[in-house]
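# Descriptive analysis of the structure
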Amino acid sequence: EKVATAALEFTGEFRPLVDEKGFAYWTKVISELRSGFAKLRDVESLVQLLFVEEVTLEDEAAAFLAEGDHREKFLQIAERWADLVTKAEFAQDADSLTEEEFNQCFAALKRDYKKEKTLLFKTIRICVTGSLSGYELKVLVPFIERSLLANRARVMIANVRGFV
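Residues numbered from 1 in each chain as written. Predicted model: local features only at pLDDT ≥ 70, side-chain atom pairs only at ≥ 80, totals over all residues. Heavy atoms only, no water.

## Brief notes about helix 7 (residues 99–112)
Because an α-helix packs 3.6 residues into every turn, residues spaced three or four apart end up facing the same way. We apply this condition: Only DSSP runs of H or I reaching four residues or more are called helices, and only runs of E reaching two or more are called strands; each is numbered from the N terminus. Given the number of residues in a helix, its expected span is that number minus one, multiplied by 1.5 Å. Residues count as neighbours in contact if any of their non-hydrogen atoms are within 4.5 Å of one another.
Across its 14 residues, helix 7 extends 20 Å between first and last C-alpha, which sits within 8% of the 20 Å expected from 1.5 Å per residue. Those residues of helix 7 hidden inside the fold are in contact with helix 6 (70–87), helix 8 (117–129) and helix 9 (137–140).

## Some thoughts on the pattern of salt bridges
The following threshold applies: Basic side-chain nitrogens of Lys or Arg form a salt bridge, by our definition, when they fall within 4 Å of a carboxyl oxygen of Asp or Glu. Burial status follows relative accessibility: with a 1.4 Å probe on protein chains alone, a residue under 20% of its type maximum counts as buried, one over 50% as exposed, and anything between as partly exposed.
Scanning the entire structure with this criterion turns up ten salt bridges. For Glu 79, the salt bridge goes to Arg 161, with nearest N and O atoms at 3.0 Å. Here Arg 161 lies in helix 10 (residues 146–161) and Glu 79 lies in helix 6, a separation of 82 residues in the sequence. Taking relative accessible area as the criterion, Glu 79 reaches 34% and is therefore assigned partly exposed. Relative accessible area serves as the criterion here: at 47%, Arg 161 is assigned to the partly exposed category. As a salt-bridge pair, Asp 83 and Lys 87 come within 3.5 Å of each other at their nearest N and O atoms.

## Here we look at the nonpolar core
What counts here: Think of a nonpolar core as a cluster: buried Ala, Val, Leu, Ile, Met, Phe, Trp, Tyr and Cys residues, connected wherever their side-chain atoms sit within 4.5 Å.
In terms of nonpolar packing, the biggest core is built from 58 residues, with Trp 26, Leu 50, Phe 74, Trp 81, Val 128 and Leu 140 touching the most fellow members. No other element matches the eight residues that helix 6 contributes to this core. Aside from chain neighbours lying at most four places away, what touches Trp 81 is Leu 97, Phe 102, Cys 105, Leu 109, Ile 124, Cys 127, Val 128, Leu 149 and Ala 153.

## Some details on the environment of Phe 51
Of note, Phe 51 is situated in helix 4 (residues 43–51). With a relative accessible area of 13%, Phe 51 lands in the buried category. Distance from Phe 51 to Gly 12, taken between C-alpha atoms, is 12 Å for residues 39 residues apart in sequence. Once residues within four sequence positions are removed from consideration, Phe 51 is found in contact with Phe 14, Leu 17, Val 18, Lys 21, Tyr 25, Leu 148 and Arg 152.

## What to know about the layout of surface pockets
Here is the rule we go by: Here a cavity denotes a set of grid points, spaced 1 Å apart and computed over the protein atoms alone, in which a 1.4 Å probe fits but from which it cannot get out, and a pocket denotes an open set meeting protein on both sides within 12 Å along at least five of seven lines; residues with an atom within 4 Å of a point are reported as lining. Grid points are joined across faces, edges and corners, and a volume is the space filled by probe spheres set on the points. For this classification, the nonpolar set comprises Ala, Val, Leu, Ile, Met, Phe, Trp, Tyr, Cys and Pro, the charged set comprises Asp, Glu, Lys and Arg, and every other residue, Gly included, is treated as polar.
In this structure, the largest pocket spans a volume of roughly 230 Å³. Ser 45, Leu 46, Leu 49, Glu 58 and Thr 129 are, among the 13 residues lining the largest pocket, the residues nearest its centre. Top element by residues in the lining of the largest pocket is helix 4. It accounts for four residues. Of the residues contributing to the lining of the largest pocket, the split by class is five nonpolar, seven polar and one charged.

As structure tokens, then:
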């Protein structure tokens, strides 16, 4: 709780959203994702992942998508991910996926794209964070609203379509 309280200072423009979710939510975020940031000021980038509508495609991810047929496969997988997040039945119509539901979505993707296991994970990560590295997705995703996850995927799909 002390770390969560101290970290509130670094939520910046997102403080009202953090306050709206409640201190119990914030304490859980910090507890679960603490290993992903070295300093409290790094909380600013974490809180952006939780609340911003659109993430930026990082250079390393763009370079990855430019290799071979990654771009086309990314687009197919990302469309399916957005569909799963939007249409799947979730526990008690929750705003966010649970870790188990995230695993179910990933399992559905694995069934659909058996030969693309590594690309599946990278696609989801790019859709969620814009990056190829970062927080463990099954821990991060439950803190992000489903509508944001689906919207980010759609925005990233549009951005990657325009990417040559």
